[in-house]
Amino acid sequence: MHGATAPAPLPPRVWVVGPCGSGKSTVAARLARALGIEATHLDEIHWNPGWVETEPAEEERRIAEVVRRPTWVIDGNYSRLRRPRMGSVDLFVWLDLPLQVTLPRLLSRCVVRAAKRVPCCNGNHESIRLTFFDRESILLWALTTGRRRRRQLTEDLGGRPNVRLRSARAVEAWVRGAVTATAGASRRRS
């Protein structure tokens, strides 16, 4: 399944990928709600309080626990966690939005989180310093990894069941359709 085809009910195991600021967490949460579960955000697995990275063995244990469940929605790009599990995924949802869409979203999100002290990733807080002046700035990350990530996902998802959405409008239409189709299928089973 490639492109924005008419959505069918969601399968039980969905992985949402895409660049920073594409809406992965929001889309994953909406899809998970439609399936009656909580979404798993890889940033929550990777980042501990204090912006401390999780040890690789512990990350493996945590993601393996999620993937053993019969139904899940995961969002995140972490290829070292995703690639070994590619065969377990029923559908990849690729939010392939252009930088001119994602960068302003990311900038706005970072500034709002920093100004209002909105927590993210296990209670961590973004700051103006981290956003603009740190060598590991998420803005810098977004600017420098986009092309590489797009090539990697094109290669990784080739031949895998996926829907590749290239605009905010396509994302919204597909998600709305998938949620509606899933709700309809659920009602028919009841």
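Conventions we followed
- Residues numbered from 1 in each chain as written.
- Predicted model: local features only at pLDDT ≥ 70, side-chain atom pairs only at ≥ 80, totals over all residues.
- Heavy atoms only, no water.
- 1 Å grid on protein atoms, 1.4 Å probe; cavity = no way out; pocket = protein on both sides within 12 Å on 5 of 7 lines; lining within 4 Å.
- Points joined across faces, edges and corners; volume = space filled by probe spheres on them.
- Helix = DSSP H or I, 4+ residues; strand = E, 2+ residues; numbered from the N terminus.
- Nonpolar A, V, L, I, M, F, W, Y, C, P; charged D, E, K, R; others polar.
- Pairing = 2+ DSSP bridges.
- Contact = heavy atoms within 4.5 Å.
- Axes fitted to C-alpha atoms, helices over the stretch in contact; angles between N-to-C directions.

**Q** Explain the layout of surface pockets to me, please; I cannot follow it from the model alone.
**A** Here the largest pocket is characterised by a volume of approximately 1400 Å³. Forming the boundary of the largest pocket are 42 residues, of which Cys 20, Asp 43, Trp 47, Tyr 78 and Ile 138 lie nearest the centre. Taken together, the elements giving at least two residues each to the lining of the largest pocket come down to α1 (24-35), α2 (42-46), α4 (79-82), α5 (99-116), β7 (119-120), α6 (128-133) and α7 (138-157). Among the residues making up the lining of the largest pocket, the classes are represented as 13 nonpolar, 14 polar and 15 charged. Considering the residues around the second largest pocket, the lining is formed by 16 residues, among which Leu 99, Ala 142, Gly 146, Arg 147 and Arg 150 are closest to the centre. Sorting the residues of the lining of the second largest pocket by element identifies α5 and α7 as the ones contributing at least two each. Take the lining of the second largest pocket: its biggest share by element is 7 residues, from α7.

**Q** I would appreciate a short explanation of the sheet that holds strand β9 (residues 162-165) in the present structure.
**A** Either a parallel or an antiparallel arrangement is found when strands of a sheet pair, and the pairing is made through backbone hydrogen bonds. The 5 strands lie next to each other as β2-β5-β1-β6-β9, forming an open sheet whose pairing is parallel. Each edge of the open sheet carries a strand with a single partner, namely β2 (40-41) and β9. Pairing of β2 with strand β5 (residues 72-75), which is carried by 2 bridges, proceeds in the parallel orientation. Each residue of the ladder has a partner; that of His 41, found in β5, is Asp 75. Against the sheet, α1 contacts β1 (13-17), β2, β5 and β6 (91-95), and its axis sits at roughly 180 degrees relative to β5. In this fold α7 packs onto β1, β6 and β9, with an angle of close to 160 degrees to the strand it touches most, β6.

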